[in-house]
Amino acid sequence: MKINFVKTIIAICFSLLIAYGLFSFHGSENRILLSVGSFLFLAITLIVTIGTSFERPRTATNVKAVSGIFFTIGLIENLIFTFISFSIPSYVITNALLILLFILITYSINGKNE
């Protein structure tokens, strides 16, 4: 796996802008948690989607498809949390479970093809 730094910076900036938008729309005391959590989740998945390249095309296609799906799921999840009042544990547990599931699936795909 190789990291393309220009695409990675673009992915980070894109995630940062989305997190700032979510911060702007959410009006309760959990807005900082929402923006930091959404930034981390979206940045991780988007960096894998557009900022990395793999040696084997089949691995690249599978990993990028999974990370694109998880990026979409994370974006929808954070949009839902933006418009509802939520507790800190529910947000942390939901995001942590999704990111751990993403890492597990991505690691499994990458490990099977090596």
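Residues numbered from 1 in each chain as written. Predicted model: local features only at pLDDT ≥ 70, side-chain atom pairs only at ≥ 80, totals over all residues. Heavy atoms only, no water.

How would you summarise the overall build of the chain if you had to cite specific residues and measurements?
The secondary structure content of the chain amounts to four helices and two strands. In the chain, the succession of α and β elements from N to C terminus is β-α-α-β-α-α. Rg of the C-alpha trace for the chain: 15 Å, near the compact-globule value of 13 Å for 114 residues, within the 12% margin. Taken along the three principal axes of its C-alpha coordinates, the chain extends 45 × 25 × 15 Å. Relative to its full complement of 114 residues, the chain shows a buried share of 38%. Accessible surface for the chain amounts to roughly 6,900 Å². Of this, 75% is attributable to carbon and sulfur atoms. The positive charge centre, built from 7 side chains, and the negative charge centre, built from 4, are 11 Å apart in the chain. (Helix = DSSP H or I, 4+ residues; strand = E, 2+ residues; numbered from the N terminus. Rg over C-alpha atoms; globule rule 2.2 N^0.38 Å. Buried < 20%, exposed > 50% of the residue type's maximum accessible area, 1.4 Å probe, protein only. Areas by Shrake-Rupley, 256 points an atom, 1.4 Å probe, with all protein chains shown as cover. Lys, Arg positive; Asp, Glu negative; His and termini not counted. Charge placed at Lys NZ, Arg CZ, Asp CG, Glu CD.)

Give a description of a nonpolar patch on the surface that names residues and reports values.
There is a patch of nonpolar side chains on the surface, built from Ile-32, Val-36, Leu-40 and Ile-44 and spanning about 360 Å² of accessible area. Its place among the elements puts Ile-32 in helix 2 (residues 31-50). (Patch = residues over 30% accessible without salt bridge, like charges linked within 9 Å, V, L, I, M, F, W, Y side chains within 5 Å. Salt bridge = Lys/Arg side-chain N within 4 Å of Asp/Glu carboxyl O.)

Hey, could you go over the nonpolar core for me, with residue numbers and the actual values?
Ranked by size, the top nonpolar core spans 21 residues in total, and within it Leu-34, Phe-41, Phe-70 and Phe-102 carry the most contacts. At the level of elements, helix 1 (5-25), helix 2, helix 3 (57-83) and helix 4 (88-112) are the ones that each hand at least two residues to this core. Sort the elements by how many residues they give to this core and helix 3 lands first, with six residues. Look past the residues within four positions of Phe-70 in its chain and what remains in contact with it is Phe-41, Thr-45, Leu-98, Leu-101, Phe-102 and Ile-105. (Core = buried A, V, L, I, M, F, W, Y, C linked by side-chain atoms within 4.5 Å. Contact = heavy atoms within 4.5 Å.)

Provide a residue-level description of the environment of Ile-10, including the pertinent values.
You can see Ile-10 is positioned in helix 1. Relative accessible area serves as the criterion here: at 49%, Ile-10 is assigned to the partly exposed category. Considered as a pair, Ile-10 and Ala-43 are 33 residues apart in the sequence and their alpha carbons are 9.9 Å apart.

Can you tell me about helix 3, naming the residues and giving the values?
Between its first and last C-alpha, helix 3 extends 39 Å over 27 residues, near the 39 Å set by a 1.5 Å rise per residue. Considered for burial, the residues of helix 3 that qualify are Thr-59, Ala-60, Val-63, Val-66, Ser-67, Phe-70, Phe-71, Gly-74, Glu-77, Asn-78, Phe-81 and Thr-82. (Expected span 1.5 Å × (residues − 1).)

Any details on the packing of aromatic side chains? Residues and values, ideally.
Centre distance and the angle of the planes are the two values used to describe a pair of aromatic rings. Applying the stated criterion across every chain, the model contains five aromatic pairs. Taking the centre distance of 5.5 Å and the plane angle of 55° together, the rings of Phe-70 and Phe-102 count as tilted. With Phe-70 in helix 3 and Phe-102 in helix 4, the pair connects residues that are 32 residues apart, well separated along the chain. Take Phe-70 and Phe-102: they sit in the same class, and that class is buried. Here Phe-81 and Phe-86 contribute two aromatic rings whose centre-to-centre distance is 5.1 Å and whose plane-to-plane angle is 70°, an arrangement assigned as edge-to-face. Across the pair, exposure class does not vary: Phe-81 and Phe-86 are buried alike. Joined through ring pairs, the aromatic side chains of Phe-81, Phe-86 and Tyr-91 make up one cluster. The residue whose ring lies beneath Arg-31 is Phe-23, and the NZ or CZ to ring-centre distance is 4.1 Å. (Phe/Tyr/Trp six-rings, centres within 6.5 Å; stacked < 30°, edge-to-face > 60°. Lys NZ or Arg CZ within 6 Å of the ring centre and 35° of its normal.)

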